[in-house]
Amino acid sequence: MKALVNKIIPFSAVDGPGNRTSVFLQGCNMNCRYCHNPETRKVCIGCGDCIEACPAGALFWMKDGNSRKVGYDPAKCVFCDTCIHICTHDASPRIQEMTPQETFDKVARQIPFIRGVTVSGGECTLYPEFLTEFFQICRDNGLGTLIDSNGTLDFKQYPELLAVTDGVMLDIKAFDETEHKTVTGISNGLVMENCRYLASLGKLYEVRTVVVPGLFDAEETVRKTAAMLRPYQKIQPIRYKIIAFRPMGVRKEYAGYPVPDSNLLESLAGIAREEGIGKVVII
Ligand code: SF4
Ligand code: SF4
């Protein structure tokens, strides 16, 4: 069993409690207008455009059965991101297919310095079996386990995964279903179901909303999400992270939205607190 790994950040202080290693998997089933990592959305189609563009010779054709695919040599890569900028398919050639054990081997060297791992993406829950096995290995080695998700996996169907998961950091992109479709291209029915389900199990570590003025009604989303979570706060406190839209990395057709000012963010944080969220973080 393998997953496509986009990158592994050995130390992160922003992906959950304490110092953590963050693993980013490739591929996503939403199309958020404000996506900051569009190169994680799709899997490479092997057009080869990036091979010629790479100034370091880190990309090459390699055999793949009767076909061929793009190979990547991390030792030669100078991390100039030329390949990311040139790709018109929202993909990256700097992907490695890894088993759960191989992925853990990249985490193991940090063990004395980290509290746990967080798996993100793309949308990491596209690989539930990989996650289950990877988290089991992490747990066996004393590490905490968090999932960063858009909420489109039906978590009720994956009790084995939840059994080895400390918590989920869940994006609520918009409370209103029509607005959610505008922001992401798909309905939020399952996201909301997951939000309540995970909260009822004490497995919802945090919810987060990216605030993009003019794209959707952030006030309604924060108010209604916080109110929905109020009854569950006694099971386990759930924090709300309010994230300001920033245009860095966003595809150029969507980069023109304004950045929210601090007054708006503070007022949204106040609404979340009014509705019973004890811990609100603005970033
Ligand atoms: S990463 Fe993008 S540009 Fe490179 S081969 Fe794949 S699809 Fe083409
Ligand atoms: S980031 Fe690495 S693989 Fe991509 S173009 Fe630059 S050197 Fe080549």
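Before reading on, note that the structure itself is shown above.
Residues numbered from 1 in each chain as written. Chains lettered and ligands numbered in written order. Predicted model: local features only at pLDDT ≥ 70, side-chain atom pairs only at ≥ 80, totals over all residues. Heavy atoms only, no water.

Colleague: Help me understand the pairing of strand S10 (residues 239-244) in this model?
Modeller: Moving residue by residue along a regular strand, the side chains alternate between the two faces of the sheet. Burial runs high along S10: six of the six residues are buried. Every second residue of S10 is oriented toward a common face, with Arg 239, Lys 241 and Ile 243 on one face and Tyr 240, Ile 242 and Ala 244 on the other, all of them buried. Across six bridges, strand S9 (residues 204-211) lies against S10 in parallel orientation. The partner of Thr 209 across the bridge, within S10, is Ile 242. In this fold, S9 hands off to helix H8 (residues 218-229), which returns the chain to S10; that crossover is right-handed. Taken together, the three bridges between S10 and strand S11 (residues 280-282) define a ladder with parallel strand orientation. Across the sheet, Lys 241 pairs through a bridge with Val 281, a residue of S11. After leaving S10, the chain enters helix H9 (residues 262-274) and then returns to the sheet as S11, a path that is right-handed. (Buried < 20%, exposed > 50% of the residue type's maximum accessible area, 1.4 Å probe, protein only. Helix = DSSP H or I, 4+ residues; strand = E, 2+ residues; numbered from the N terminus. Pairing = 2+ DSSP bridges. Right-handed = clockwise from strand over helix to strand, strands pointing away.)

Colleague: Quick question: what am I supposed to make of the site of ligand 2 here?
Modeller: In the neighbourhood of ligand 2, 14 residues make up the surrounding shell, with Cys 54, Cys 77, Cys 80, Cys 83 and Arg 94 lying closest. Taken together, the residues of the shell around ligand 2 sort by class into eleven nonpolar, one polar and two charged. (Near = heavy atom within 4 Å. Nonpolar A, V, L, I, M, F, W, Y, C, P; charged D, E, K, R; others polar.)

Colleague: Before we go on, may I ask you to explain the nonpolar core in this structure?
Modeller: Across soluble globular proteins, nonpolar side chains have a tendency to be buried as a group. Formed by 69 residues in total, the largest nonpolar core has its most connected members in Leu 25, Phe 134, Phe 135 and Leu 204. Here this core gets six residues from one element, more than from any other, and that element is helix H4 (residues 128-140). Leaving out residues up to four positions away in the same chain, Phe 135 has contacts with Val 117, Val 119, Thr 145, Leu 146, Ile 147, Leu 161, Val 164 and Thr 165. Listed in part, the ten residues of the second largest apolar core include Cys 50, Leu 59, Tyr 72 and Ile 84. (Core = buried A, V, L, I, M, F, W, Y, C linked by side-chain atoms within 4.5 Å. Contact = heavy atoms within 4.5 Å.)

Colleague: Sorry if this is basic, but what is going on with the site of ligand 1 here?
Modeller: In the vicinity of ligand 1, the contacting residues are Cys 44, Ile 45, Gly 46, Cys 47, Gly 48, Asp 49, Cys 50, Val 70, Cys 87, His 89, Ser 92 and Pro 93. Its residues assigned to classes, the shell around ligand 1 comprises seven nonpolar, four polar and one charged.

Colleague: Looking at this structure, I do not really get the pattern of salt bridges. What am I missing?
Modeller: Between side chains of opposite charge, a pair can form as their charged atoms come close. If you walk through the whole model with that rule in mind, you get 17 salt bridges. Between Arg 41 and Asp 90 there is a salt bridge, and its shortest N-O distance comes to 2.5 Å. Placement of the pair is Arg 41 in the loop between strand S2 (20-25) and helix H1 (49-53) and Asp 90 in the loop between helix H2 (82-86) and strand S5 (96-98), with a sequence separation of 49 residues. The class of Arg 41 is buried, set by a relative accessible area of 8%. One network of salt bridges, in which partners are shared, links Asp 148, Asp 171, Lys 173, Glu 206, Arg 208, Arg 239 and Lys 241. (Salt bridge = Lys/Arg side-chain N within 4 Å of Asp/Glu carboxyl O.)

Colleague: Can you walk me through the sheet that holds S10 in this structure?
Modeller: Paired through backbone hydrogen bonds, the strands of a sheet run either parallel or antiparallel to each other. Spatially, the nine strands line up as an open sheet ordered S5-S1-S2-S6-S7-S8-S9-S10-S11, and their pairing is mixed. Strands with a single pairing partner mark the edges of an open sheet, and in this sheet they are S5 and S11. The mean inter-strand angle of the sheet, taken between neighbouring strand axes irrespective of direction, is 30°. In the sheet, strand S8 (residues 167-171) pairs with S9 via four bridges, with the strands oriented parallel. In the strand pairing of S9, Val 168 is matched with Leu 204. Sheet strands touched by H8: S9 and S10. Its angle to S9, the strand with the most contacts, is close to 170°. (Axes fitted to C-alpha atoms, helices over the stretch in contact; angles between N-to-C directions.)

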